[in-house]
Amino acid sequence: MQAIEADSLVVRLGKRNAVNGLSLRLGHGVHGLLGPNGAGKTTLIRTLATVQSPTAGTLSLLGTPANGRLKAVRRKLGYLPQHFGYYKRFKVREFVEYLAWLKEMPSARIPGAVHTALERVGLTDRAEDRMKSLSGGMVRRVGIAQAIVNDPEVLLLDEPTVGLDPAQRLRFRELVAELGRDSCVLISTHLVEDVAAACTDVVLVNEGSLMFQGTPADLATAGTAQHVGDSPIERGYSALISANSAGGAW
Amino acid sequence: MTAHHPSEQLLHRYSRGDDDIPADQLWGVESHLESCAPCRGRLAPDPTAQAVWTNLEPLLDRTPQMSRARARWRVHGWVSPAAGPWLAMILLVTAAAVALDRVGFVVGERVSLVVLIAPALPVLGVAASWGRSLDPAHEVTAATPRAGLPLVLRRTVAVLAVVVPGLAAAGVLTGVGFVRWLLPCLAFTVGTLALGTLIGVTRAAVVLIAAWALVIVAPTIAFSRMAVALDPAAAPVWAGLLVAGLAVLAARRMAFARLEVNR
């Protein structure tokens, strides 16, 4: 059993298929989800997070079909949406505690779990501050803390490194490497270097379809000196995207 | 520092915390342990300490920690964290309607403002509790196991717990019988949720408030006469709508687990 098993997944948004017949299998480890803007990364992550229902195809998470009763699966899920909204008046600790309550964690375990989660994102000293007093990078770290507070077996992070400074990005890579050891972590990003440094596996999507799945090294071999990019993996990325898209360089 | 591993007996005395170990030996053991993992491994837990810990642990679990903090999620287990300002606004609007009524402002043929605002008030509260536009954390909430009809109903009960006593007080002060406001108020609350499962709660709230304003409020003002719907005789119709709304809600309850309902 893989943590995430999607078969011929279709998600229709308005008149177009944001996810178009995508099949994907992901087990333990840190998986980087790459793709140009509008490739369907966010819709795919939302669907895997069970907040968006697929139009067609099947999805199973941790061996359970993700339709009908979702409670059991959601208890083992961590999700950071691309647009992470929060309550400004809440203290950092209160906000993460509230999310832990929403995740149906036993009350007795919540204070300890919240403390650990805030420690892991380096926000212990800001725990009693109001959410509205935080910088963008700190808000993002609270977002990561709420996602990991229930020790999820499937962790879905949509653009988690936006707003993090270089030192925080390095710390974040260490954290996901640690989390990926015994859970399935999927990180959507547009920063190819994040994937090269932090991920054991790359998933490349374009126009709602799976383009490539393999190691960062495999991705790097797809590129040649002619392709755009500052690193082998960036050149591999642009080689695969330009080969499969009718549009121009953008 | 690995040349002289401390004896079993010395290690045991050290781990037990004996205070009669000569200072030089104590210092030697301590600095040796810092650099020698196998010896740290030999530091078996003392049976007495272990026994004390085993007895203490369940008690620690039961001892309330951060009790002040718990209050917040207890409250927000019912009231949506986004709804606070809206609930305050609902009470202010109710008070304003009473005040206008008391100074003699009535619409058309003695139609109190209290009757005209009653159905719209809970709709606002529900939209604030489960709508995308008013609840900033709707997406993280939607992915949690508690997201779904039970949580929506808790939040709706919290809204009604503010709206209904407010309107009841307003009814007493203005002499408007409860039959005339309670059923439309409840029917619109359930209607917002039922329609919300089809088009999203925010859109349902907009549609219902617009419909109320166009079909009931505007003609009442324009023609200066009471709409049939506001007559106590219309109560069975409102009751019917309420039951229909509850039936839709029961049939489509699974929809609340998804993000589409927040639209």
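All residue numbers here refer to positions counted from 1 along the written sequence of the relevant chain. Just so you know, chain letters begin at A and ligand numbers begin at 1, following the order they were written in. Selection of residues for local features in this predicted model requires a pLDDT of at least 70, selection of side-chain atom pairs for listing and counting requires 80 or more, and totals for whole chains, interfaces and linings are taken over all residues. As a rule here, side-chain values cover all heavy atoms of the structure and leave hydrogens and water aside.

Residues and elements named next belong to chain A. Sheet architecture is open: four strands sit in the order β2-β1-β4-β5, paired in antiparallel fashion. Each edge of the sheet is formed by a strand with only one pairing partner; in this case those strands are β2 (16-26) and β5 (64-65). Two strands qualify as a pair provided that DSSP identifies no fewer than 2 bridges between them. To qualify as a helix, a DSSP run of H or I must reach at least 4 residues; to qualify as a strand, a run of E must reach at least 2; elements of each kind are numbered from the N terminus. Relative to β2, strand β1 (residues 4-13) runs antiparallel, the two sharing eight bridges. Bridging from a neighbouring strand, Val-10 pairs with Asn-20 of β2. The criterion used for residue contact is that any of the two residues' heavy atoms lie within 4.5 Å. In this description, a line fitted to the C-alpha atoms serves as the axis of each element, helices being fitted only across the stretch in contact, and the angle between N-to-C directions of two axes falls anywhere from 0 to 180 degrees. Along the sheet face, helix α1 (residues 41-48) touches β1, β2 and β4 (56-61) and points at about 120° away from the line of β1.

What follows covers the interface of chain B and chain A. Between chain B and chain A, the residue contacts involve 34 residues of the former and 41 residues of the latter. When two components associate, each loses some accessible surface as probed by a 1.4 Å sphere; the sum of these losses over both components is called the buried area. Roughly 3300 Å² of surface becomes buried between chain B and chain A when both sides are summed, with 58% attributable to carbon and sulfur atoms. What counts as a salt bridge is simple: a side-chain nitrogen of Lys or Arg found within 4 Å of a carboxyl oxygen of Asp or Glu. Taken together, chain B and chain A are joined by one salt bridge. Think of a polar contact as two N or O atoms within 3.5 Å of one another; within protein, one of them needs to be a possible hydrogen donor and the other a possible acceptor, and neighboring residues in sequence only count if both atoms come from side chains. Counting the contacts that link chain B with chain A gives 17 residue pairs in polar contact (both at pLDDT 80 or more). Listed by contribution, the elements that provide at least two residues to the side of chain B that touches chain A are α5 (67-75), α9 (138-142) and α10 (149-174) of chain B. A total of six residues in the side of chain B that touches chain A trace back to one element, the largest contributor, which is α5(B).

The next thing to look at is the confidence of the model for chain A. Here chain A averages 91 in pLDDT, while 97% of its residues score no lower than 70. A residue's pLDDT is the confidence the predictor assigns to it, expressed on a 0 to 100 scale. Per-element confidence in chain A ranges from a low mean pLDDT of 84 for helix α7 (residues 192-198) of chain A to a high of 97 for strand β6 (residues 77-80) of chain A.

UniProt positions are given in the numbering used here, feature names are shortened, and annotations may be inferred rather than shown by experiment. In this numbering, the UniProt entry assigns the feature "domain: ABC transporter" (unreviewed entry) to residues 4-232 of chain A. The span residues 4-232 of chain A carries 33% helix and 27% strand; its end-to-end C-alpha distance comes to 29 Å.

Turning our eyes to something else, we now look at the pattern of salt bridges. Residues and elements named next belong to chain A. For the structure on display, the rule yields 17 salt bridges over all chains. Of the charged contacts, one joins Glu-193 and Arg-169 as a salt bridge, the two residues approaching to 3.3 Å between their closest N and O atoms. In this pair, Glu-193 sits in helix α7 while Arg-169 sits in helix α6 (residues 166-179), placing the two residues 24 residues apart along the sequence. We classify Arg-169 as buried; its relative accessible area is 16%. We note a salt bridge from Glu-174 to Arg-171, for which the minimum N-O separation is 3.2 Å. Placement of both Glu-174 and Arg-171 in helix α6 is noted, with a separation of three residues, approximately one turn of the helix. Each of the salt bridges in this network shares a partner with another, and the network as a whole consists of Lys-91, Arg-93, Glu-97 and Glu-128. Whether a residue is buried, partly exposed or exposed follows from its accessible area with a 1.4 Å probe, protein chains only, as a fraction of its type maximum: under 20%, in between, or over 50%, in that order.

A few words on the sheet that holds strand β3 (residues 29-34) of chain A. Residue and element names in this part refer to chain A. Within the open sheet, the six strands sit side by side as β6-β7-β8-β3-β9-β10. Their pairing is mixed. Sheet topology places β6 and β10 (209-214) at the edges, where each strand pairs with a single neighbour. Going from strand to strand, the sheet's axes swing by 15° on average, the running direction of each strand aside. This element, helix α5 (residues 136-148), spans β6 and β7 (154-158) of the sheet and lies at about 165° to β6.

All names here are of chain A. Counted residue by residue, strand β8 (residues 184-188) has five buried out of five residues, so it is predominantly covered. Burial along β8 is two-sided: Cys-184, Leu-186 and Ser-188 and Val-185 and Ile-187, pointing in opposite directions, are all buried. As paired strands, β3 and β8 are joined by five bridges and run parallel to one another. Residue pairing for β8: Val-30 is matched across the bridge by Val-185. Across five bridges, the pairing between β7 and β8 is parallel. Each bridged residue has a counterpart across the sheet, and for Leu-157 the counterpart in β8 is Ile-187. Consider the strands pointing away from the viewer: the crossover is right-handed when the path from the first strand over the helix to the second runs clockwise. In this view, the connection linking β7 to its parallel neighbour β8 by way of α6 has right-handed handedness.

A separate point is the UniProt feature "transmembrane region" (unreviewed entry) in chain B. All names here are of chain B. Under the feature "transmembrane region" (unreviewed entry), the UniProt entry names residues 75-99, 111-131, 152-172, 178-199, 206-227 and 233-251. This span, residues 111-131, is 76% helix and 0% strand, and a straight line between its end C-alpha atoms measures 31 Å. Taken end to end, residues 178-199 comprises 100% helix and 0% strand; its first and last C-alpha atoms sit 31 Å apart.

The next point concerns the nonpolar core. Counting 106 residues, the largest nonpolar core has A:Phe95, A:Val142, A:Leu157 and B:Phe256 as its most contacted members. A:Val142 has contacts with A:Phe84, A:Val92, A:Phe95, A:Val96, A:Leu123, A:Met131 and A:Leu134, leaving out every residue within four places of it along the chain. Within the second largest apolar cluster, 34 residues are counted, among which are A:Leu9, A:Leu24, A:Ala49 and A:Leu156. We call a set of buried residues a nonpolar core when its members are Ala, Val, Leu, Ile, Met, Phe, Trp, Tyr or Cys and they connect through side-chain atoms within 4.5 Å of each other.

Turning next to the packing of helix α8 (residues 120-130) of chain B against helix α11 (residues 178-199) of chain B. Residues and elements named next belong to chain B. Viewed as axis vectors pointing N to C, α8 and α11 meet at an angle of 30°, and their least axial separation amounts to 8 Å. The angle between α8 and α11 places the two elements in the roughly parallel class. Between α8 and α11 the crossing geometry is right-handed. Mapping the contact onto sequence places Pro-122, Val-123 and Val-126 in α8 and Cys-185, Phe-188, Thr-189, Thr-192 and Leu-193 in α11. All residues other than Ala, Val, Leu, Ile, Met, Phe, Trp, Tyr, Cys, Pro, Asp, Glu, Lys and Arg, Gly among them, are scored as polar; the first ten of these are nonpolar and the last four charged. Its residues assigned to classes, the contact of α8 with α11 shows six nonpolar, two polar and no charged. Throughout this description, any angle smaller than 35 degrees is read as roughly parallel, any larger than 145 degrees as roughly antiparallel, any in the 65 to 115 degree range as roughly perpendicular, and the remainder as oblique. Note on convention: the crossing is left-handed when the near helix lies turned anticlockwise from the far helix by less than a right angle, right-handed when the turn is clockwise.

Our next topic: the layout of surface pockets. Throughout, the protein atoms alone are placed on a 1 Å grid, and a set of points is a cavity if a 1.4 Å probe fits but cannot get out or a pocket if it is open with protein on both sides within 12 Å along at least five of seven lines; lining residues have an atom within 4 Å of a point. Grid points are joined across faces, edges and corners, and a volume is the space filled by probe spheres set on the points. Quantified by volume, the second largest pocket comes out at close to 340 Å³. Lining the second largest pocket we find 18 residues, and of these A:Lys71, B:Ala147, B:Gly148, B:Leu149 and B:Pro150 sit closest to its centre. At the level of secondary structure, the elements contributing two or more residues to the lining of the second largest pocket comprise α2 (71-75) of chain A together with α10 of chain B. With four residues, the single largest contributor to the lining of the second largest pocket is α10(B). Taken together, the residues of the lining of the second largest pocket break down into nine nonpolar, two polar and seven charged.

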